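# Structural features, examined
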Amino acid sequence: MKPTTALFPALLFAAASVVLVPPTLAQKSYAVGIAGGAAIPTGKFGDTQSTGYAVTGFIALGVPDLPIGVRFDGIYNKFSGRTVSPVGGGASVVSPDVRIMGILGNLIYTFPGTTAKPYLIAGGGFYNSKANISGAKAENDFGFSAGFGATFGLGPLAALIEARYHGISRNEAEGGNIQFVPITLGFMF
């Protein structure tokens, strides 16, 4: 998979974030957060969908002295359909909008240091997707995600930037696999 042009600057920014996390947040064993941003469709899914939006709510749990923690996410993504020209000619067709919701369990590895706290995140869960077509049924499928991000102090809160790949396993009869990369900014309380 080639990184998209829009993805590279956001990933570079996440890697270059170097600010301090307030000591009060560093001692907590949990965090509640919310994040939002762009959701970029990739693979065959990107052929029929345009960049949409992503919203994530989460609860993160960990032990202050250990770099490994867990995070439980609830996600909502919405993609707009694209105008697609059929193979072999013919009239162009507008693909339907697609919404994807999910519940995910993740492991997080946070790198040590006193500057911005970069982390790796990977997990899996259940995704519910539905095309915006009259009579369409929602599909429930298993999928996985992996990515990285960074947290940094922002007054009494902690802020985060994150990029994560999501892959949803689906049968060809249901439209095939879905792949997308949300790039989100958020806050932790």
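Residues numbered from 1 in each chain as written. Predicted model: local features only at pLDDT ≥ 70, side-chain atom pairs only at ≥ 80, totals over all residues. Heavy atoms only, no water.

### Thoughts on the packing of aromatic side chains
In the structure shown here, the tally under the stated rule is 6 aromatic pairs. Arranged with centres 5.0 Å apart and planes meeting at 85°, the rings of F45 and F79 form a pair that is edge-to-face. A residue pair is termed long-range when its members are at least 10 positions apart, and F45 in helix α3 (residues 45-48) and F79 in strand β3 (residues 68-79) qualify at 34 residues. For F45, a relative accessible area of 8% puts it in the buried group. For F79, a relative accessible area of 0% corresponds to the buried category. With 5.1 Å between their ring centres and 85° between their planes, Y109 and F111 make a pair best called edge-to-face. Overall, Y109 belongs to the partly exposed group, its relative accessible area being 33%. The exposure class of F111 is partly exposed, given its relative accessible area of 33%. Ring pairing ties together the aromatic residues F45, F79 and F180, which thus form one cluster. (Phe/Tyr/Trp six-rings, centres within 6.5 Å; stacked < 30°, edge-to-face > 60°. Helix = DSSP H or I, 4+ residues; strand = E, 2+ residues; numbered from the N terminus. Buried < 20%, exposed > 50% of the residue type's maximum accessible area, 1.4 Å probe, protein only.)

### Focus on the sheet that holds strand β10 (residues 178-188)
Note on sheets: strands pair through backbone hydrogen bonds, and any given pair is parallel or antiparallel. As summarised here, the arrangement of the 8 strands in space is β1-β2-β3-β6-β7-β8-β9-β10, forming a closed barrel in which the pairing is antiparallel. Across the sheet, the axes of successive neighbouring strands diverge by a mean angle of 25°, strand direction being ignored. Bridge count between strand β7 (residues 117-131) and strand β8 (residues 139-154): 13 bridges; the pairing is antiparallel. Paired with Y119 across the bridge in β8 is G149. (Pairing = 2+ DSSP bridges. Axes fitted to C-alpha atoms, helices over the stretch in contact; angles between N-to-C directions.)

### Looking at the pattern of salt bridges
This structure, assessed with the given rule, holds 4 salt bridges. Between D73 and R71 there is a salt bridge, with the nearest N and O atoms lying 2.8 Å from each other. A salt bridge links R164 to D73; the shortest N-O distance between them is 2.7 Å. On the criterion of sequence distance, the pair formed by R164 in strand β9 (residues 157-168) and D73 in strand β3 is long-range, its members being 91 residues apart. (Salt bridge = Lys/Arg side-chain N within 4 Å of Asp/Glu carboxyl O.)

### Observations concerning the nonpolar core
In terms of nonpolar packing, the biggest core is built from 12 residues, these being A39, F45, A54, I75, F79, V98, I100, L104, Y127, I168, I178 and F180. Those elements that provide at least two residues to this core are β3, β6 (98-110) and β10. Examining the composition of this core, we find that 3 residues originate from one element, β6, more than from any other. If we skip the residues at most four places from it in the chain, L104 touches R71, F72, D73, I75, G124, G125, F126, Y127, S145, R164 and H166. Counting 10 residues, the second largest nonpolar core, distinct from the first, contains A31, I108, A158 and L160. (Core = buried A, V, L, I, M, F, W, Y, C linked by side-chain atoms within 4.5 Å. Contact = heavy atoms within 4.5 Å.)

### Observations concerning a nonpolar patch on the surface
Together, Y30, V32, I34, Y53, V55, I59, L61, F72, L154, F187 and F189 make up an exposed nonpolar region whose accessible area comes to about 1000 Å². Taken together, the elements giving at least two residues each to the nonpolar patch come down to β1 (30-42) and β2 (52-62). For the nonpolar patch, the element with the highest residue contribution is β2, accounting for 4 residues. If you trace the backbone, L154 turns up in strand β8. (Patch = residues over 30% accessible without salt bridge, like charges linked within 9 Å, V, L, I, M, F, W, Y side chains within 5 Å. Areas by Shrake-Rupley, 256 points an atom, 1.4 Å probe, with all protein chains shown as cover.)

### Focus: the pairing of β1
By the bridge criterion, 10 bridges tie β1 to β2 in an arrangement that is antiparallel. In the strand pairing of β2, Y30 is matched with L61. The pairing of β1 with β10 spans 10 bridges and is antiparallel. By the bridge assignment, G33 is partnered in β10 with M188.

Everything listed here is a matter of coordinates, which is why it stays silent on function.
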